[in-house]
Structures are given as structure tokens and as C-alpha cells.
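In case you want the letters, here they are:
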Amino acid sequence: MRRIKLIGVPVDILNPEELELTVLELLAKPGAKHIVFLSIWDLLKARRNGEFQDFLSSADVIIPISKSILNGARFLRNDVPVRYNPFTLTINILSILDSHYKSLYLLGSRGQTLHVAEKNLHDTFPHLKIVGRHPGYFPKAKEEDIIVNVYKSSPSLVLLSDGIKEKALWSYKRRNRFASSIFCYYRDSLEIFSKRIKRIDEDTFNKGHEIWHEIGKNPLKLFLLLPFLHYIMILVIYKLFKK
């Protein structure tokens, strides 16, 4: 695995054949580790948010999920990373953990959704031990109990979903309170595993058209065109003025 920087933001180049070894190496490291699914919007956020930039700089694996990131790297004649569908990659990571008899903690979503997702995950990955779970949207008073439970159960992977107010930053800000786990935030994961929502069609994702699916659900996301144009402008500036 190699790390590049695209307009000042770190991005990793992880080939599919390197995935299992990378996951096993992370499991062998002490402390909290982070796998990040990086969208173009996250990349732009890192440029204006110092804390998020620090989070990415310390993350163990940063996986691009937006085609625009690859196009940007190609435009700047940088090494082009491999893009992954976050759902497919999550399945691959869980399969690796299952084959090595590892453990999982589920954090996020609503109670019934979490219950169904846990059952479906157990049926799909019978050797993956689910050592804990807690719904998202929890009050601040519950947070200490969740941290203690994650610390005591020390799962191989903590999969965070919707309902976590600070999203991926939740585990980063509390990283010194965990023993040894990989943390991965994927907003739709438990909703998809519970079959409450459908995953993005693979062909749609490969074409980079998943944004139209998002706009179909929320037309206000048309306004994302403005930050995208800003991204194009930054790429042109880097092309013209950066050595």
C-alpha cells in the first residue's frame, strides 16, 4: 500500500490482492486503527477542516470511493489509486475477518434495524463473532457505557453506521480509550444489511453515477455542484502553479 496526496489530502493506493494482508497487519497493531472511505466531499472537507485533516493524516487506510478523486489524480499526473464500492469492500473485509474467526461490534442505526442487520450478518458470516452492539442516536449520557463496552469486548472491527453524530470522527476523538480495534464508518451499512435500503447498483457505481441516485432521494443535493466546481478549480490551480 502506498500513500499519495491529492490537492494536499492523503489518499492510499491499495490493490485488491493486498487487502487481506493489510487487514491482518492492522489487527496485529495495538490501539485504535481507522479505515476511511473517502468521498470527494470528504476530500474537500479536509482542506477546510483542520481536525478532519489530522484524522486523515493519522488514519491507517484511506480508500477513495468517488470517481472524481481518481480523475483528479489522473489530471495532475499523479499515481492513480484504486476505487472501491464501500459496500463491496465492507463485505470483503468482513469475509476476511470471518475466515480468521475474528470479532465484530455494531454501532449505529435504530434498534430494529440493528437487530435485523445483526441476524443477517450472523447468517452470512457464521465464524464472525458479534461481541456487542448498540443503536445510534444515543444520548450523551449513554456514551460512556458504549466506550467501556467496546474497550472490554475489544472487537477486531467496530462498524459504525448512521446515527453517530460525529461520524468517523467519533472513534478518532476517543482513540486513546480503546484497546485494539479497527474502526470503520460507513453510514448506510446497517441499513443495507437489514435490507431497509438497497445498495447502489454495481454498474451505476462503476460509471460514477451514484450521485444521481443520491439526488433522486434528496433533490437538494443538486447544490453539491457548487463544491464540485470548486474542486475542478483547485485542480486547475494545482496543475498551473504547483511543482
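Keep in mind that what you see is a predicted model, and the values were worked out from it rather than measured. All residue numbers here refer to positions counted from 1 along the written sequence of the relevant chain. For a predicted model such as this one, the threshold for reporting local features is a pLDDT of at least 70, and the threshold for listing and counting side-chain atom pairs is 80 or more; totals across whole chains, interfaces and linings nevertheless cover every residue. To get the side-chain values, all heavy atoms of the structure are used, and hydrogens and water are removed first.

**Q** Explanation requested: the overall build of the protein in the structure shown.
**A** Under the DSSP-based scheme used, a helix requires at least four consecutive residues in state H or I and a strand at least two consecutive residues in state E, with every element numbered from the N terminus. Counting secondary structure elements, the protein contains twelve helices and eight strands. Computation of the radius of gyration draws on C-alpha atoms, with the globule rule given as 2.2 Å multiplied by the number of residues to the power 0.38. What you see for the protein is a C-alpha radius of gyration of 18 Å, in line with the 18 Å of a compact globule of 243 residues. Along the three orthogonal principal directions, the C-alpha set of the protein runs to about 50 × 40 × 35 Å. By the burial criterion, 48% of the 243 residues in the protein qualify as buried. To be clear on the numbers: accessible area is Shrake-Rupley with a 1.4 Å probe, and residue cover counts the displayed protein chains and nothing else. Here the protein has roughly 12700 Å² of accessible surface; of this, 55% comes from carbon and sulfur atoms. Charged side chains in the protein number 37 positive and 25 negative. The centres of these two groups are separated by 5 Å. Think of it in three bands: with a 1.4 Å probe and only protein chains considered, a residue is buried below 20% of the maximum accessible area for its type, exposed above 50%, and partly exposed in between. Positive charge is attributed to Lys and Arg, negative charge to Asp and Glu, and no charge count is given to His or to the chain ends. A single reference atom marks each charge: NZ on Lys, CZ on Arg, CG on Asp, CD on Glu.

**Q** What is the right way to read the side chain of His134 from this model?
**A** Structurally, His134 can be placed in strand 6 (residues 129-134). By definition, residues are in contact when any of their heavy atoms lie within 4.5 Å. Excluding anything up to four places from it in sequence, His134 contacts Tyr105, Leu106, Leu107, Gly108, Leu114, Lys142 and Ile146.

**Q** Explanation requested: the pattern of salt bridges in the structure shown.
**A** Where charged atoms of side chains with opposite charge meet at close range, the side chains can pair. Here, a salt bridge means any side-chain nitrogen of Lys or Arg that lies within 4 Å of a carboxyl oxygen of Asp or Glu. Applying the stated criterion across every chain, the model contains 14 salt bridges. Salt-bridge contacts for Asp60 lead to Lys29; the nearest nitrogen and oxygen are separated by 2.6 Å. Here Lys29 lies in the loop between helix 1 (19-28) and strand 3 (31-38) and Asp60 lies in the loop between helix 3 (50-58) and strand 4 (61-64), a separation of 31 residues in the sequence. Classification of Asp60 by relative accessible area gives buried; the value is 15%. Here the salt bridges do not stand alone but share partners, grouping Glu51, Lys140, Glu143, Glu166, Lys173 and Arg174 into one network.

**Q** Would you explain the pairing of strand 4 in this entry?
**A** Side-chain direction in a regular strand flips from residue to residue, so the side chains alternate between the two faces of the sheet. Of the two faces of strand 4, the one holding Val61 and Ile63 and the one holding Ile62 and Pro64 are both buried throughout. Looking at chain direction, strand 3 and strand 4 are connected through four bridges and run parallel. Within the sheet, the bridge partner assigned to Leu38 lies in strand 4 and is Pro64. Should DSSP find at least two bridges between two strands, the strands are taken to pair.

**Q** Teacher, can you tell me more about the packing of helix 4 (residues 67-75) against helix 12 (residues 225-241) here?
**A** To characterise two packed helices, one gives the angle between the axes of the helices and the distance between these axes. Helix 12 packs onto helix 4 with a crossing angle of 20 degrees between their chain directions and a minimal axis gap of 10 Å. Our classification of the angle between helix 4 and helix 12 gives roughly parallel. Both helix 4 and helix 12 take part in a crossing whose hand is right-handed. Packed against helix 4, whose contacting residues are Ser68, Ile69, Gly72 and Phe75, the element helix 12 presents Phe228, Tyr231, Leu235, Val236 and Lys239 at the interface. Three residue categories are used. Nonpolar comprises Ala, Val, Leu, Ile, Met, Phe, Trp, Tyr, Cys and Pro, charged comprises Asp, Glu, Lys and Arg, and polar comprises the others, including Gly. Along the lines of polarity and charge, the residues of the contact of helix 4 with helix 12 split into six nonpolar, two polar and one charged. Note on definitions: angles span 0 to 180 degrees between N-to-C directions of axes, and those axes are lines fitted to C-alpha atoms, for helices only across the stretch in contact. Relative orientations are named as follows: roughly parallel for angles under 35 degrees, roughly antiparallel for angles over 145 degrees, roughly perpendicular for angles from 65 to 115 degrees, and oblique for any other angle. In a left-handed crossing the near helix is turned counterclockwise from the far helix by less than a right angle, and in a right-handed crossing that turn is clockwise.

**Q** What should I look at first to understand the packing of aromatic side chains in this one?
**A** Pairing of aromatic rings covers Phe, Tyr and Trp, the last through its six-membered ring, and needs centres within 6.5 Å; plane angles under 30 degrees mean stacked, over 60 mean edge-to-face, and all others mean tilted. What the rule picks out here adds up to seven aromatic pairs. Between the aromatic rings of Phe37 and Tyr186, the centroid separation amounts to 5.8 Å while the plane-to-plane angle is 80 degrees, which identifies the pairing as edge-to-face. Of this pair, Phe37 sits in strand 3 while Tyr186 sits in the loop between strand 8 (180-185) and helix 9 (189-193), and the two are 149 residues apart along the sequence. Tyr186 matches Phe37 in its accessibility class, with the two residues each being buried. We note Lys45 situated over the ring of Phe52; from NZ or CZ to the ring centre the distance is 4.6 Å. The criterion is that NZ of a Lys, or CZ of an Arg, lies within 6 Å of the ring centre and within 35 degrees of the ring normal, and then a charge sits over that ring. Taking NZ or CZ as reference, Arg175 lies 4.1 Å from the ring centre of Tyr172, over its face.

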